[in-house]
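Here's the letter readout for the chains.
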Amino acid sequence: MSNGGNLAALLPLLLFMAIMIGIGFYVQQAQARGFGRNFVQQYFIGNHDLGGFVLAMTTVATYSSVSSFVGGPGMAWQIGFGWIYMAVVQVTAIFLVLGIFGKRVALLSRKFDAVTVVDIIRERFQSDGLASLAAFIIVLFFCATMTAQFVGGAKLFAAVTGYSYEMGLLLFGLAVVVYTTIGGFRAVALTDTCCALIMMVGIVLLLYYVLSAGGGYTNLMANLHANHPEMFTPFSDGHMPAGLYLTQWILVGICTIALPQSVVRGISYKDTASLHKAMLIGTAVVGFMNIGINFTGILAHGVLTEDLAAYGGVDNIIPRTIVTVMPPALVGLAIIGPLSASISTISGLLIVASSAIIKDVYLHRAHKQGKEPGTRQLRVLSMLATAIIGLVVFMSALTPPSLIWIINMFAFGGLETAFFWMLLLGLFWRRANKLGAFLSMGGGTLVYCLTQGLGFKLMGLHQITIGITASLLFFLLGTYWGKPQDERVLAKFFPYREN
Amino acid sequence: MTEWEKYQQIRREAAYTGLALLVLILFWCWAGFGLSGVEMEIFGLPLWVVTSSIGVWFFALVLVQLLLKYVFRDMSLTEKKGDDEDE
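Residues numbered from 1 in each chain as written. Chains lettered and ligands numbered in written order. Predicted model: local features only at pLDDT ≥ 70, side-chain atom pairs only at ≥ 80, totals over all residues. Heavy atoms only, no water.

1. Looking at the overall build of chain B
So, point 1. The helix and strand tally for chain B stands at two helices and two strands.
So, point 2. When its helices and strands are written in sequence order, chain B yields α-β-β-α.
So, point 3. The C-alpha radius of gyration computed for chain B amounts to 20 Å, which surpasses the reference 12 Å derived for 87 residues by more than 25%, pointing to a less compact arrangement than a globule.
So, point 4. Within chain B, contacts between residues at least 6 apart in sequence are counted, and of these 72% link residues at least 24 apart.
So, point 5. Carbon and sulfur atoms form 64% of the exposed surface of chain B, whose accessible area is close to 4,900 Å².
So, point 6. Across chain B, the 7 positively charged side chains and the 12 negatively charged ones have centroids separated by 6 Å. (Helix = DSSP H or I, 4+ residues; strand = E, 2+ residues; numbered from the N terminus. Rg over C-alpha atoms; globule rule 2.2 N^0.38 Å. Contact = heavy atoms within 4.5 Å. Areas by Shrake-Rupley, 256 points an atom, 1.4 Å probe, with all protein chains shown as cover. Lys, Arg positive; Asp, Glu negative; His and termini not counted. Charge placed at Lys NZ, Arg CZ, Asp CG, Glu CD.)

2. What to know about the packing of aromatic side chains
So, point 1. Going through the model one piece at a time under the given rule, you end up with 28 aromatic pairs over all chains.
So, point 2. Note on Y85 of chain A and F33 of chain B: the rings are 5.1 Å apart at their centroids and 75° apart in plane angle, and the pair reads as edge-to-face. Highlighted residues: Y85 of chain A in helix α6 (residues 81-87) and F33 of chain B in helix α1 (residues 3-34), drawn from two different chains.
So, point 3. Note on Y85 of chain A: relative accessible area 0%, which makes it buried.
So, point 4. Taking the centre distance of 5.1 Å and the plane angle of 85° together, the rings of Y208 of chain A and Y209 of chain A count as edge-to-face.
So, point 5. A connected cluster of aromatic rings, assembled from ring pairs, spans Y85, F235, Y245 and W249 of chain A together with W28, F33 and W48 of chain B.
So, point 6. Just above the ring of F494 of chain A sits the side chain of R104 of chain A; from NZ or CZ to the centre is 5.3 Å. (Phe/Tyr/Trp six-rings, centres within 6.5 Å; stacked < 30°, edge-to-face > 60°. Buried < 20%, exposed > 50% of the residue type's maximum accessible area, 1.4 Å probe, protein only. Lys NZ or Arg CZ within 6 Å of the ring centre and 35° of its normal.)

3. Focus on the nonpolar core
One broad trend across soluble globular proteins is that nonpolar side chains are buried collectively.
All names here are of chain A.
So, point 1. Residues F81, M146, F150 and F419 are the most contacted members of the largest nonpolar core, which totals 209 residues.
So, point 2. Ranked by the residues each element gives to this core, the list is headed by helix α10 (residues 165-213), at 23 residues.
So, point 3. Residues in contact with F419, not counting those within four places in the same chain, are I121, A134, I137, I138, A258, P260 and M441. (Core = buried A, V, L, I, M, F, W, Y, C linked by side-chain atoms within 4.5 Å.)

4. Quick notes on the confidence of the model for chain A
So, point 1. Across chain A, the average pLDDT comes to 90, with 96% of residues at or above 70.
So, point 2. For chain A, the element scoring lowest by mean pLDDT is helix α16 (residues 308-311) of chain A, at 83; helix α15 (residues 272-299) of chain A scores highest, at 96. (pLDDT = per-residue confidence, 0-100.)

5. Notes on the interface of chain A and chain B
So, point 1. Of the residues lining the interface, 50 residues belong to chain A; the matching set on chain B comes to 47 residues.
So, point 2. Counting the surface lost from both chain A and chain B, the interface buries some 4,300 Å², and carbon and sulfur atoms represent 75% of this.
So, point 3. A per-residue breakdown of the area chain A buries against chain B is headed by Y85, L107 and W249 of chain A, which together make up 16% of the total.
So, point 4. Taken together, chain A and chain B are joined by two salt bridges. (Buried area = accessible area lost by both parts, 1.4 Å probe. Salt bridge = Lys/Arg side-chain N within 4 Å of Asp/Glu carboxyl O.)

6. Notes on the confidence of the model for chain B
Low-pLDDT portions of the prediction should not be read for the details of their coordinates.
Residues and elements named next belong to chain B.
So, point 1. Residues of chain B with pLDDT of at least 70 account for 91%, and the chain-wide mean is 89.
So, point 2. The least confident element of chain B, judged by mean pLDDT, is strand β1 (residues 41-42) at 86; the most confident is helix α2 (residues 47-71) at 96.
So, point 3. Low pLDDT, under 50, characterises residues 81-87; the stretch is placed with four contacts to residues that sit more than four places away or in other chains.
So, point 4. Across the assembled chains, the prediction reports ipTM 0.91 with pTM 0.92.

Have a look at this one:
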């Protein structure tokens, strides 16, 4: 594995990153022509311009993280087909978020000239405090997730190419910060599309070589049946408890509809035909990826025949598989897939985190004081904010915390607890009010983080069940306790029949 | 569509999307746990393995197709000028 570095593995990656940065510059040039009108809208949301295909790809790519490509299939290797059964619940993620929130936020954002999810929350609940809290939660959890993505990607890079962790981080980490900073949301969407396509290519490539290295499909299956019969049962001899199925439905299926990085994509598309197309394409792509990569993980038993301990944990299964089965000349191509999963998630989060600081905090303050910052100033500040957040996360990934899976899940569940009821009830229930939203977001997230931090579980279920229930109860409590929102505000969100 | 009609339509779409989720969950339970006792094999895999992975995926695609065909409607995302000045 550490053969001093595989130069052939480096070249495709360098080329790919160069293309990504090229896209960033191209977008900046193209957008510079239509400049001046509304820079913030252009930089953070791409001018409501995305077509169906790009919308689907960027939603999927942002949603699919490096753990879906490394930790996930590693678990599939250990558990078997029950893991795919669980992972397939993610086919709901795309059509749910686009189907439930897609048109709602598209219309509202145009009405209020909103660029972020926080903008809409601010308008709905008429609360700067709530908006600031939401922006804070977004920045905090996004930074944690981005760090985990950087760490996961760089570890994979080091394990597969033989070069150092730091070099990997420098290589793809700086690239993602650069292209996101210069190109903004539009560049994120386009690069995400490239990333999603290359992820699928990577899966097919790896599957092909795993099959041939393992002596063909029939042979692989016969060995699996003989040596690991439990892998063909849903509960995998207790390795895959029923509770896990339930909580995964909540955690990576249903509640993902409230993730701000997904919901914001509802602001970005061009017309409803694009949205409809994206629901279908997105569902097809997310299903292909989840089934494909986890199936590959299981088949890797044909090449990694020892116990898990021999490989030092599930996170090492996929890197080891790539190194073992891929011809050295193609290793570079195979590793771009998982790295794409990492950078496409980082870019999507980075631009939203930056928008939270510039649009939700800075610009809002300026407007309140009656100031209107010039386009030039906004441009510099927006790019600076993106670059600084990117670099801070990059630096924190240099001394990496362990267990990427858990950090990632911590942030994931935290965001869901914070935003699920506030968005769902806020946008579809007239009665929902500020106090309810406040209690739900603050209290729910606190309960989730405390129980997660202390390792407290109810009936052995993941803390998301506690978090999401507490969040709902707080919401209802606040809503019935506090007073309804102002009728004029509600009339904008819930129009009356015209006579 | 007027603003009110759009909102009604969006509510309808959201509700049916939720319903599709419910149907998918039921199918998922049946396709995996429900069929895990069946002895039949496809491509060397137990039946439930196929139905609970590719089966669920295809079923989701069919559901989305149905939603798009029968529930979702195209609408303009910008407001008609004039009918939304501050009242």
